[in-house]
Amino acid sequence: MVDQPLHERLSHLEGWDGMDIEDRFLAARKAGVLDVLNLDGFTYETIVEFAELDKEGPGKLKESEIDAYLERYITDPDELSCGYYLLWDIDQLNSDDVIQLLSEHFPELEIGEDEDFDTWVRAYVRRARLGNLADRGTSTAEPGKM
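The structure reproduced in this document is the subject of the present report.

## Concerning helix H3 (residues 44–54)
Okay, step 1: Residues of H3 that are buried: Ile47, Val48 and Ala51. For H3, the buried positions fall inside an angular range of 100° around the axis, keeping them on one side. Relative to its buried face, H3 has exposed residues pointing more than 90 degrees away, namely Glu45 and Leu53.
Okay, step 2: Where H3 is buried, its residues touch strand E1 (41–42), helix H4 (63–70), strand E2 (73–74) and strand E3 (84–86).

## Some details on unusual backbone geometry
When glycine is set aside, most residues are seen to have a negative phi, and most peptide bonds are trans.
Okay, step 1: Of note in the backbone geometry, asparagine 38 takes a positive phi value of approximately 60° without being a glycine.
Okay, step 2: Considering the arrangement of structural elements, one finds asparagine 38 in the loop between helix H2 (21–31) and E1.
Okay, step 3: Despite not being glycine, glutamate 110 has its phi angle at roughly 50°, a positive value.
Okay, step 4: Within the element layout of this structure, glutamate 110 appears in the loop between helix H6 (95–105) and helix H7 (117–137).
Okay, step 5: Take glutamate 110: its relative accessible area is 68%, and that puts it in the exposed class.

## Some words on the environment of tyrosine 85
Okay, step 1: Mapped onto the elements, tyrosine 85 comes out in strand E3.
Okay, step 2: Sequence separation between tyrosine 85 and leucine 34 is 51 residues; the distance between their C-alpha atoms is 9.2 Å.
Okay, step 3: The contact partners of tyrosine 85, leaving out residues within four places of it in the chain, are Phe25, Leu34, Leu39, Asp40, Gly41, Arg72, Tyr73, Ile74 and Ile90.

## Considerations on H6
Okay, step 1: All of the buried residues along H6 are Ser95, Val98, Ile99, Leu101 and Leu102.
Okay, step 2: N-capping of H6 is provided by asparagine 94, with a side-chain oxygen placed 2.9 Å from the backbone N of aspartate 96.

## Some points on the packing of H3 against H4
Each pair of packed helices can be described by the angle between their axes along with the distance between the axes.
Okay, step 1: Viewed as axis vectors pointing N to C, H3 and H4 meet at an angle of 105°, and their least axial separation amounts to 10 Å. Classified by the interaxial angle, the pair formed by H3 and H4 is roughly perpendicular. Note on element contacts: H4 touches H3 through Glu63, Ile66, Tyr69 and Leu70, opposite Tyr44, Ile47, Val48, Phe50, Ala51 and Asp54.

Conventions adopted
Residue indices begin from 1 for each chain and proceed along its sequence in written order. Only residues with pLDDT of at least 70 are given local features in this predicted model, and only at 80 or more are side-chain atom pairs given and counted; all residues enter the totals for whole chains, interfaces and linings. As a rule here, side-chain values come from all non-hydrogen atoms in the structure, and water together with hydrogens is ignored. Categorising residues by exposure relies on relative accessible area from a 1.4 Å probe, with only protein chains included: less than 20% of the type maximum marks a residue as buried, more than 50% marks it as exposed, and the intermediate range marks it as partly exposed. Put simply, DSSP H or I for four residues or longer makes a helix, DSSP E for two residues or longer makes a strand, and each gets a number counted from the N terminus. The arc in question is the one spanned by the directions pointing from the helix axis to the C-beta atoms. When checking whether two residues touch, look at their non-hydrogen atoms; a contact exists if any pair is within 4.5 Å. Polar contacts, as counted here, are pairs of nitrogen or oxygen atoms within 3.5 Å of one another; within protein the pair requires one atom able to donate a hydrogen and one able to accept it, and residues that are adjacent in sequence qualify only if both atoms are side-chain atoms. Convention adopted: a line fitted to C-alpha atoms gives each axis, helices being fitted over their contacting stretch, and angles between N-to-C directions are expressed from 0 to 180 degrees. Angular relationships are summarised with four words: roughly parallel below 35 degrees, roughly antiparallel beyond 145, roughly perpendicular across 65 to 115, and oblique for the angles in between.

This is the structure in structure tokens:
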């Protein structure tokens, strides 16, 4: 995921405000920007510790109590190294927040303050792809042959 050029990674974020929480998580994960968006991933063990701290009354946590606590988080069940991310944190991020955090982390993106996020992402990705095509067009192949 992070091996991709930045413009390809950011293309996953297009439509952010219209996405549900799960789609936002997957988009940010595919784009490799969970940390850029200040989304902290927790281990299963840490989640259990959080649940124990919130538990009312003595005794060991029941599996059903842990499961109920885990419902507050999202993870990629197919990727064992993926952390658990708080759904509420993802839900609170709107496209204005995303644009702010991206511009702080990637100043080379030159995102204007009043930019519409989806319009900006589409234009950025399109420009970068056209630039890549133009670069390929300047190969050392014989003129007229590619």
